[in-house]
Amino acid sequence: METFNVVIADDHPIVLLGVRELVERDQRFRVVGEAVGSDELIKLLETRPVDLLITDFNMPAESPYGDGLKLVEYLTRHFPKVRVLVLTMISNPLILTRLQELGVLAVIQKNQLHDEIAAALKAIAKGSPVRWQTPAPTSVVNDGADLDERFSRLSPKEHEILRLFVQGQGVNDIARHLNRSAKTISTQKISAMRKLEVSSDQELLTYCIERNLFN
């Protein structure tokens with residue numbers, strides 16, 4: 001029986017525990033490492049044979065490897081033989097499409113973690129494609145359809161900038177994190193604010209936090 005070596009990466013211990021338990025139910029999969037940040041994850045991948053990585057999209061961003069799209073791009077470029085499952089609550093179709101273009105095996109929605117991981121592991125063990133669907137946009141407010149439509153206008157770069165902004169990073173911090181100029185980051189942030197129809201940083205934070213957009 002073929003055995004698959006698995007690494008799990010998430011900065012929430014409860015998620016690590018839950019995913020490990022799901023993976024270890026199938027004897028064909030063996031967890032060989034866990035990481036709570038990007039640095040630790042890269043070291044694991046560099047020092048041991050890994051067949052499958054299950055990683056959160058949002059990770060602590062102090063690492064030069066970053067998180068989000070930046071981290072996934074690094075992983076798929078430097079570890080092309082490692083299959084990647086991404087855990088997230090993100091439903092932005094542009095982000096999901098970009099992850100698909102990068103060669104991610106599947107994106108697993110955290111609110112469907114149990115069923116989707118079990119189905120993904122079963123497909124991997126059989127050598128079958130892992131099926132995943134772009135989730136329908138959701139909102140916690142009454143005029144959600146309009147707000148979701150606005151949010152879907154964001155480009156992947158604008159989405160990444162807002163995600164880091166909500167985490168508490170300023171324009172200069174984001175510029176260093178993404179290896180871009182502060183002027184470029186500021187321009188893209190303003191563009192995102194126009195698309196969301198907000199006029200201040202406070203409105204932007206309120207918009208993102210109240211709608212739980214980056215969990």
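Residues numbered from 1 in each chain as written. Predicted model: local features only at pLDDT ≥ 70, side-chain atom pairs only at ≥ 80, totals over all residues. Heavy atoms only, no water.

Asker: Which residues make up the overall build of the protein, and what values go with them?
Answerer: When its secondary structure is counted, the protein shows 10 helices and 5 strands. Residues counted as buried form 47% of the 215 residues belonging to the protein. For the protein, contacts bridging at least 24 residues in sequence account for 65% of all contacts bridging at least 6. For the protein, the accessible surface area stands at approximately 11,000 Å², while carbon and sulfur atoms represent 50% of it. (Helix = DSSP H or I, 4+ residues; strand = E, 2+ residues; numbered from the N terminus. Buried < 20%, exposed > 50% of the residue type's maximum accessible area, 1.4 Å probe, protein only. Contact = heavy atoms within 4.5 Å. Areas by Shrake-Rupley, 256 points an atom, 1.4 Å probe, with all protein chains shown as cover.)

Asker: I'd like a rundown of the packing of aromatic side chains, residues and numbers included.
Answerer: Following the criterion strictly, the structure yields 2 aromatic pairs and no others. Here the aromatic rings of Phe4 and Phe29 are separated by 5.0 Å at their centres, their planes lie at 20°, and the arrangement is stacked. One end of the pair, Phe4, is in strand β1 (residues 4–9); the other, Phe29, is in strand β2 (residues 29–35), and 25 residues separate them in sequence. Across from the ring centre of Phe165, 5.0 Å away, lies the NZ or CZ of Lys189, which sits over that ring. (Phe/Tyr/Trp six-rings, centres within 6.5 Å; stacked < 30°, edge-to-face > 60°. Lys NZ or Arg CZ within 6 Å of the ring centre and 35° of its normal.)

Asker: Lay out the sheet that holds β1 with the relevant residues and their values.
Answerer: Strand order in the open sheet formed by 5 strands is β2-β1-β3-β4-β5, with parallel pairing between adjacent strands. Single-partner strands in this sheet number two, and they are β2 and β5 (106–109). Neighbour-to-neighbour, the strand axes of this sheet turn through a mean angle of 20°, independent of strand direction. Strand direction decides the pairing type here: β1 and strand β3 (residues 52–56), joined by 4 bridges, are parallel. When the sheet's bridge partners are listed, Val6 is paired in β3 with Leu52. Relative to the sheet, helix α1 (residues 13–24) contacts β1, β2, β3 and β4 (83–88), its axis offset from that of β2 by approximately 165°. (Pairing = 2+ DSSP bridges. Axes fitted to C-alpha atoms, helices over the stretch in contact; angles between N-to-C directions.)

Asker: So what's going on with the pattern of salt bridges? Which residues, and what values?
Answerer: A complete count under the given rule lists 11 salt bridges for this structure. Measuring nitrogen to oxygen at the nearest pair gives 3.5 Å for the salt bridge that ties Arg98 to Glu73. In this pair, Arg98 is assigned in helix α4 (residues 93–101) and Glu73 in helix α3 (residues 68–78), connecting sequence segments 25 residues apart. (Salt bridge = Lys/Arg side-chain N within 4 Å of Asp/Glu carboxyl O.)

Asker: Got a sec to walk through the confidence of the model for the protein? Specific residues and values, please.
Answerer: When pLDDT is averaged across the protein, the result is 84; 88% of the residues are at 70 or more. The lowest-confidence element of the protein is helix α6 (residues 144–151), averaging 66 in pLDDT; the highest-confidence one is β1, averaging 96. Within the model, the stretch residues 135–143 combines pLDDT values under 50 with 13 contacts to residues more than four positions away or in other chains. (pLDDT = per-residue confidence, 0-100.)

Asker: Report on the environment of Lys81, specifying residues and quantitative values.
Answerer: Looking at where Lys81 falls in the secondary structure, it is placed in the loop between α3 and β4. Spatially, the C-alpha atom of Lys81 lies 7.2 Å from that of Asp51, the residues being 30 residues apart in sequence.

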